[in-house]
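Remarks on the overall topology
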Amino acid sequence: MDSLIVGLADMLRSDPFAEPPFPAIYSDIHKGLMVYESPDVSLAIGAINIAQLAAKKSAHRGATSIGFTGRMSVLKFVDAGDALLSFWEAPPIGAGFSATSAGRCVRTGERRLADGDVLVVDGRRQAYVIEQARANILLLQAEIARDQAPVGVEYDSGSLSYVGCNANDDGASRIQMMATLLRKLDCSAAFPVMAALLDHPDFFVRWHVMRELIGIDARAALPHLRTMAALDPHDDVRATAGATLAHLEQVVGDRKAA
């Protein structure tokens, strides 16, 4: 980190208008910079604005969520803002994660932070929530992608039950976005290429691709859907494919009868 700061300072001395080569990070309460990123680990520095945090917590809104990132995180609170954190645990997120095995998350305790405190959070089974703070929070955060869970998971903050999940791998996310784009473009020529992705190792990618194949050509997707309903290794995918198959076969049968 020292050499990084020295190099940045030298760059700014030679050109006061130079832009730091760090991608910006934004959220409704957090602003920061990504200072290092590799396939295995990323390092960011940022600040959490107390006024925005208070506004978010006091605003009239519906159910909120408790997020489990699926990654190991190491956080150093350079300026802790006298923040109070609550801590949560849930069933571990593994390669075979399913909605039926997600269970509920539970609150395990709380802690008042001091400047310089370091937290290690295993996002595959642990999470934290900033309950309150008395000043802006400045923190360094490292996220370790090695051995990460395939998905991040959210639980409802009221019922503490499972809400949904999202892909952690950039490649998986790109496949999902591309499949949706091809379906929106009604690109039937892409059907065989997309069908080849039904063997993807991530269960949520397989189902997402199947949904988009059905959107492009439901009749052509039926054989693939039958195979998925019978043979997919993931319980949720098999069950959902089976229910969708029954509905589609009825629709196709009704159209033939008409």
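The structure this text deals with has already been given above.
This section reports on the structure supplied with the text. All of these numbers come straight from a predicted model, not from anything done at the bench.

Along the chain, Val-41 turns up in strand 3 (residues 41-48). Counting along the chain gives 35 residues from Val-41 to Lys-76, while the straight-line C-alpha distance between them is 15 Å. Beyond its immediate stretch of four places on either side in the chain, Val-41 contacts Tyr-36, Glu-143, Ile-144 and Ala-145.

In this section: unusual backbone geometry. The backbone of Asp-82 sits at a positive phi, close to 55°, despite the residue not being glycine. For Asp-82, the location among the structural elements is in the loop between strand 5 (72-79) and strand 6 (84-89). For Asp-147, which is not a glycine, the phi torsion comes out positive at approximately 65°. For Asp-147, the location among the structural elements is in the loop between strand 10 (137-144) and strand 11 (151-156). What makes Asp-147 exposed here is its relative accessible area of 60%.

Bringing the packing of aromatic side chains into the picture now. Counted under the stated rule, the structure contains four aromatic pairs. Aromatic pair Phe-203 and Phe-204: ring centres 5.4 Å apart, planes at 85°, arrangement edge-to-face. One exposure class covers both Phe-203 and Phe-204, and it is buried. A connected cluster of aromatic rings, assembled from ring pairs, spans Phe-68, Phe-97, Tyr-155 and Tyr-162.

Every second residue of strand 4 (residues 65-68) is oriented toward a common face, the buried set being Ile-66 and Phe-68 and the non-buried set Ser-65 and Gly-67. Relative to strand 11, strand 4 runs antiparallel, the two sharing four bridges. Residue pairing in the sheet places Ile-66 in a bridge with Tyr-155 of strand 11.

On to the pattern of salt bridges. In total, this model carries 14 salt bridges according to the counting rule given. Residues Arg-134 and Asp-82 are paired through a salt bridge, measuring 2.0 Å at the closest nitrogen-oxygen approach. Within this pair, whereas Arg-134 is found in the loop between strand 9 (126-132) and strand 10, its partner Asp-82 is found in the loop between strand 5 and strand 6, the two being separated by 52 residues in sequence. The exposure class assigned to Asp-82 is partly exposed, which follows from its relative accessible area of 30%. Shared partners join several salt bridges into a network, and the residues in it are Glu-89, Asp-122, Arg-124 and Arg-125.

Our next topic: the sheet that holds strand 10. The strand order 1-2-3-10-5-8 describes an open sheet built from six strands, whose pairing is antiparallel. In this open sheet, the two edge strands, each paired with only one partner strand, are strand 1 (24-26) and strand 8 (118-122). Averaged over all adjacent pairs, the angle separating strand axes in this sheet is 25°, with direction ignored. With three bridges joining them, strand 1 and strand 2 (residues 30-37) adopt antiparallel strand pairing. Its bridge partner lying in strand 2, Ala-24 is registered against Leu-33.

Now for the packing of helix 3 (residues 170-184) against helix 5 (residues 203-216). At a minimum axis distance of 9 Å, the contact between helix 3 and helix 5 shows a crossing angle of 5°. In this view, helix 3 runs roughly parallel relative to helix 5, as classed from their interaxial angle. Where helix 3 abuts helix 5, its residues Ala-172, Ile-175, Gln-176, Ala-179, Thr-180, Leu-182 and Arg-183 lie against Phe-204, Val-205, His-208, Val-209, Glu-212, Gly-215 and Ile-216.

The computed volume of the second largest pocket comes to approximately 280 Å³. Residue lining of the second largest pocket: 18 residues in total, with Tyr-162, Cys-165, Phe-203, Phe-204 and Trp-207 positioned closest to the centre. At the level of secondary structure, the elements contributing two or more residues to the lining of the second largest pocket comprise strand 12 (162-167), helix 5 and helix 7 (235-257). Residue composition of the lining of the second largest pocket, by class: ten nonpolar, six polar and two charged.

What counts as what
- Residues numbered from 1 in each chain as written.
- Predicted model: local features only at pLDDT ≥ 70, side-chain atom pairs only at ≥ 80, totals over all residues.
- Heavy atoms only, no water.
- Helix = DSSP H or I, 4+ residues; strand = E, 2+ residues; numbered from the N terminus.
- Contact = heavy atoms within 4.5 Å.
- Buried < 20%, exposed > 50% of the residue type's maximum accessible area, 1.4 Å probe, protein only.
- Phe/Tyr/Trp six-rings, centres within 6.5 Å; stacked < 30°, edge-to-face > 60°.
- Pairing = 2+ DSSP bridges.
- Salt bridge = Lys/Arg side-chain N within 4 Å of Asp/Glu carboxyl O.
- Axes fitted to C-alpha atoms, helices over the stretch in contact; angles between N-to-C directions.
- Parallel < 35°, antiparallel > 145°, perpendicular 65-115°, else oblique.
- 1 Å grid on protein atoms, 1.4 Å probe; cavity = no way out; pocket = protein on both sides within 12 Å on 5 of 7 lines; lining within 4 Å.
- Points joined across faces, edges and corners; volume = space filled by probe spheres on them.
- Nonpolar A, V, L, I, M, F, W, Y, C, P; charged D, E, K, R; others polar.

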